[in-house]
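Remarks on the overall topology
In case you want the letters, here they are:
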Amino acid sequence: KTLASGSDDRTVKLWDAVSGSQKSSLEGHTKLVSSVSFAPDGKTLASGSGDNTVKLWDAASGSPKSSLEGHTGAVYSVAFDPDGKTLASGSDDRTVKLWDAASGSQMCSLEGH
């Protein structure tokens, strides 16, 4: 089992949940990482950052899959829907954006939050 954490050192760290040992450190964000979320199948990891982006990672290898851009403020929350096809991101730009998790394309922006 793997646990993910985000940090103000701009990394996402993957940990072995049984032993507590660090498995890898994912680099790519340019500001703090405030939120992480695994897709329901465990194959993709999303991270939200103060750099206004959401990044998708291959959870097994730690390789970056895509960078989702569209927020104009820090991203504080990321969450997959139960089937893993849609990713939601919440930002201090007062929007929640919905993304197609497979393509990385923005589906819609919910404003007024």
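Residues numbered from 1 in each chain as written. Predicted model: local features only at pLDDT ≥ 70, side-chain atom pairs only at ≥ 80, totals over all residues. Heavy atoms only, no water.

1. Examining the overall build of the protein chain
This is how it is decided: Strands are runs of DSSP state E lasting at least two residues, helices are runs of H or I lasting at least four, and both sets are numbered from the N terminus onward. Each radius of gyration is computed over the set of C-alpha atoms, and the globule rule expresses the reference value as 2.2 Å times the number of residues to the power 0.38. Exposure is judged per residue with a 1.4 Å probe applied to protein chains only, and the accessible area is read against the type maximum: over 50% gives exposed, under 20% gives buried, and values in between give partly exposed. Residues are treated as being in contact if the distance between any of their heavy atoms lies within 4.5 Å. Reported accessibility uses the Shrake-Rupley method at a 1.4 Å probe radius. Residues are deemed covered only where the shown protein chains occlude them. Under this rule, positive means Lys or Arg and negative means Asp or Glu; His and the chain ends count for nothing. The atom standing in for a charge is NZ when the residue is Lys, CZ when it is Arg, CG when it is Asp and CD when it is Glu.
A count of helices and strands for the protein chain gives zero helices and eleven strands. Listing the helices and strands of the protein chain from first to last along the sequence gives β-β-β-β-β-β-β-β-β-β-β. On C-alpha atoms alone, the protein chain measures out to a radius of gyration of 13 Å, which is about the 13 Å that the 2.2 N^0.38 rule sets for 113 residues. With respect to the principal axes defined by its C-alpha atoms, the protein chain has extents near 45 × 30 × 20 Å. Buried residues in the protein chain amount to 41% of all 113 residues. Within the protein chain, contacts between residues separated by at least 24 positions form 27% of all contacts whose residues are at least 6 apart in sequence. Roughly 6,000 Å² of accessible area belongs to the protein chain as shown, and the carbon and sulfur atoms make up 49% of that amount. Taken as two groups, the 11 positive and 14 negative side-chain charges of the protein chain have centres that lie 2 Å from each other.

2. Some details on the pattern of salt bridges
Opposite charge on two side chains lets them pair, provided their charged atoms get close. Put simply, the rule is: Salt bridges are defined by distance alone: a side-chain nitrogen of Lys or Arg within 4 Å of a carboxyl oxygen of Asp or Glu.
Enumeration over the complete set of coordinates arrives at one salt bridge. Between Asp9 and Lys13 there is a salt bridge, and its shortest N-O distance comes to 3.5 Å. By relative accessible area, Asp9 is classed as partly exposed at 34%. Taking relative accessible area as the criterion, Lys13 reaches 16% and is therefore assigned buried.

3. A few points about the side chain of Lys97
Going by this rule: N or O atoms closer than or at 3.5 Å make up a polar contact, with two conditions inside protein: a donor-capable atom paired with an acceptor-capable one, and, for residues adjacent in sequence, both atoms drawn from side chains.
Within the element layout of this structure, Lys97 appears in strand β10 (residues 95-100). No salt bridge is formed by the buried Lys97; its nearest oppositely charged neighbour, Asp93, is found at 4.9 Å. A polar contact is formed between the side chain of Lys97 and the side chain of Ser109, at a distance of 3.0 Å. Each residue touching Lys97, except ones within four places of it in the same chain, is listed here: Gly70, His71, Leu87, Ala88, Ser89, Gln106, Cys108 and Ser109.

4. Concerning the sheet that holds strand β11 (residues 106-111)
Two orientations exist for strands paired in a sheet by backbone hydrogen bonds: parallel and antiparallel. Which entries qualify depends on this criterion: A pair of strands is labelled paired if DSSP reports no fewer than 2 bridges between them. Note on definitions: angles span 0 to 180 degrees between N-to-C directions of axes, and those axes are lines fitted to C-alpha atoms, for helices only across the stretch in contact.
Strand order in the open sheet made by the four strands is β8-β9-β10-β11, with antiparallel pairing throughout. Strands at the two margins of the open sheet, each flanked by one partner only, are β8 (75-80) and β11. Neighbour to neighbour, the strand axes of the sheet diverge by 20° on average, direction disregarded. The sheet contact formed by strand β9 (residues 86-91) and β10 spans five bridges and is antiparallel. Residue pairing for β10: Leu87 is matched across the bridge by Trp99.

5. Description of the pairing of strand β4 (residues 33-38)
Each regular strand carries side chains that alternate between the two faces of the sheet. Here five bridges tie β4 to strand β5 (residues 44-49), and the two strands are oriented antiparallel to one another. In the strand pairing of β5, Val33 is matched with Ser49. As consecutive antiparallel partners, β4 and β5 are separated by five residues, and within that stretch Gly42 has a phi angle of approximately 80°, a positive value.

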